[in-house]
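Residue-level structural notes
Here is how the chains run, residue by residue.
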Amino acid sequence: MTFHSPLIVPRSEHRLSRADISENALKVLYRLREGGYEAYLVGGGVRDLLLGREPKDFDVATDATPEQVRRVFRNCRLIGRRFRLAHVYFGREIVEVATFRGSGHEQVAGERRVQNGLIVRDNLYGTREEDALRRDFSVNGLYYNIADFSVIDYAGGLEDLRAGRLRLIGEDPEQRYREDPVRMLRAVRFACKLGFDIDPACERPLFELGHLLGDVPPARLFEEVLKLLQTGLGLCAFEKLRHYRLFARLFPATDESFDREDGGVSITFVSRGLENTDQRIREDKPVAPAFLFAALLWAPVRRRFARLLARGMVANEAMLHAAADALVRQRPLVAIPKRLTLPMREIWSLQPRLERREGKRPLRLLAHPRFRAAYDFLLLRAEAGEADAELADWWTRFQAANGGVPAGTTGAKTRGRRRRPATRKGK
Ligand code: ATP
Ligand code: MG
């Protein structure tokens, strides 16, 4: 690896101000410095502040080892297997402190293991330069130095920020994706979040390397998919994932079922679901991940359901089978946890039940704990032209007549995961 001397931009020549950094992150930076260590704000915090955006959280990098960090802070825990990190706790806010990570050239301590070009364990401490150059995108590789308030740029991140360009650090983008295929999903996420263009050399491999996602643990992919689809970027992310043919790697059965004649579901259905979710997040309303994943997997569920019905199976049973089948197929790719698959199954199995309006059935359904989410799901289906609009309207009126709640609040009654509160005060 060639080492560059960094561009150092003094305090007077950049817009990053201490007033915009959370008090707790500042405390961590100052305390490390008082302890005789180097301390920098890094990653998305620096990037977002330089763009005038509000950071989601603040990450700190230091030359202190995790054990040394722990000695500086009482309110601190060491976490992580793949990377050992220190978490410093301030009530609900966590400041993540990472020791400079190396590239293997100047081993300080720790270890790194690579299997088939994939980094599986990476605890190699390094220098600030190495730490910068192992990061994913140039705009994520900027350091704010608490010692003199300068911004340090090893990889052309400042220029890329100005140009609105997302560029992987290093000479060989393909190798960077191979090291960690999740970077492909991060490329999509940051392109959507920042509205940046992906540099052509970094964009090309996205079309080719989707299969590498198969090497990523399904639980990690679930976390990434959640960040892609549930942080207000859902529709953009969905469109880009499809464009780069990555969506089919994550949800192959869904991708195959789109717009098929035999009971297929339209892309519009998923797009609408994501659009509604994005809208709710913008309005700071809670969103239910189960609802979203139920929508994402609805295409294969519905297709299988239709086939089983055609074979003469009764609706309730067919839906149970179709749901189980879709979930089993999905599991090895993106591991959707039980806390979501249970409500997902209920949302699906209530769909055929919503079609039966005779006798006391509707009143009983109204009392079902998952009724609200199932009704919202029906509304979404109706919006996408995939369910009878008359049926959806009937349920809307029926609820109103029975003291129900107003329509169109997708997933509102299911327990949603609130977005983490912004840690920064003011704007
Ligand atoms: P945000 O928090 O807004 O989602 P972020 O850039 O802070 O964006 P994090 O996932 O919090 O993203 O990671 C913090 C930093 O760690 C990144 O900015 C980047 O420098 C580095 N990083 C994270 N994931 C990777 C990765 N897979 N490969 C290389 N560097 C990474
Ligand atoms: Mg971050």
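Presented here is an overview of the structure given in this document. Please read these numbers as outputs of a predicted model, since none were measured by experiment.

1. Concerning the packing of helix 10 (residues 234-243) against helix 13 (residues 267-282)
Between helix 10 and helix 13, the shortest axis-to-axis distance is 7 Å and the interhelical angle comes to 145 degrees. Counting all contacts with helix 10, which are made through G234, L235, F238 and R242, the residues of helix 13 involved are I267, V270, S271, L274, E275 and D278. Partitioning the contact of helix 10 with helix 13 into residue classes produces five nonpolar, two polar and three charged.

2. Considering the site of ligand 1
If you check the shell around ligand 1, you find 17 residues, and the closest are R47, D180, R183, R189 and K193. At 2.9 Å from an oxygen atom of ligand 1 is found a main-chain nitrogen or oxygen belonging to N140. One nitrogen or oxygen atom from the side chain of R189 is found 2.6 Å from an oxygen atom belonging to ligand 1. Compared with its free state, where it exposes 580 Å², ligand 1 has 85% of that area covered by protein. Of all the secondary structure elements, the ones that give two or more residues to the shell around ligand 1 are helix 2 (44-50) and helix 7 (182-194). Per-element tally for the shell around ligand 1: the top contributor is helix 7, with five residues. Of the residues in the shell around ligand 1, the class split is one nonpolar, three polar and 13 charged.

3. Some words on the sheet that holds strand 2 (residues 39-42)
If you walk across this open sheet you meet the eight strands as 1-10-9-2-3-6-5-4, and the pairing is mixed. The open sheet is flanked by strand 1 (7-9) and strand 4 (76-79), the only strands paired with a single partner. Strand-to-strand twist of the sheet, defined as the mean angle between neighbouring strand axes without regard to direction, takes the value 30 degrees. Looking at chain direction, strand 9 (residues 142-145) and strand 10 (residues 151-153) are connected through three bridges and run antiparallel. Residue pairing in the sheet places Y144 in a bridge with V151 of strand 10.

4. With respect to helix 9 (residues 218-229)
Counted at 1.5 Å a residue, the expected span for helix 9 with its twelve residues is 16 Å, and the 16 Å between its end C-alpha atoms agrees. Taken residue by residue, helix 9 has L221, F222, E224, V225, L226, L228 and L229 as its buried positions. Of the surrounding secondary structure, the elements contacted by the buried residues of helix 9 are helix 7, helix 10, helix 11 (247-250), helix 13, helix 14 (289-296) and helix 17 (338-354).

5. Describing unusual backbone geometry
Its identity is not glycine, yet R245 carries a phi of approximately 60 degrees, on the positive side. As for its placement among the helices and strands, R245 is situated in the loop between helix 10 and helix 11. Even without being glycine, D284 reaches a positive phi, approximately 65 degrees. Note that D284 resides in the loop between helix 13 and helix 14.

Basis of the calculations
Residues numbered from 1 in each chain as written. Chains lettered and ligands numbered in written order. Predicted model: local features only at pLDDT ≥ 70, side-chain atom pairs only at ≥ 80, totals over all residues. Heavy atoms only, no water. Axes fitted to C-alpha atoms, helices over the stretch in contact; angles between N-to-C directions. Helix = DSSP H or I, 4+ residues; strand = E, 2+ residues; numbered from the N terminus. Contact = heavy atoms within 4.5 Å. Nonpolar A, V, L, I, M, F, W, Y, C, P; charged D, E, K, R; others polar. Near = heavy atom within 4 Å. Polar contact = N/O pair within 3.5 Å; in protein donor to acceptor, adjacent residues only side chain to side chain. Areas by Shrake-Rupley, 256 points an atom, 1.4 Å probe, with all protein chains shown as cover. Pairing = 2+ DSSP bridges. Expected span 1.5 Å × (residues − 1). Buried < 20%, exposed > 50% of the residue type's maximum accessible area, 1.4 Å probe, protein only.

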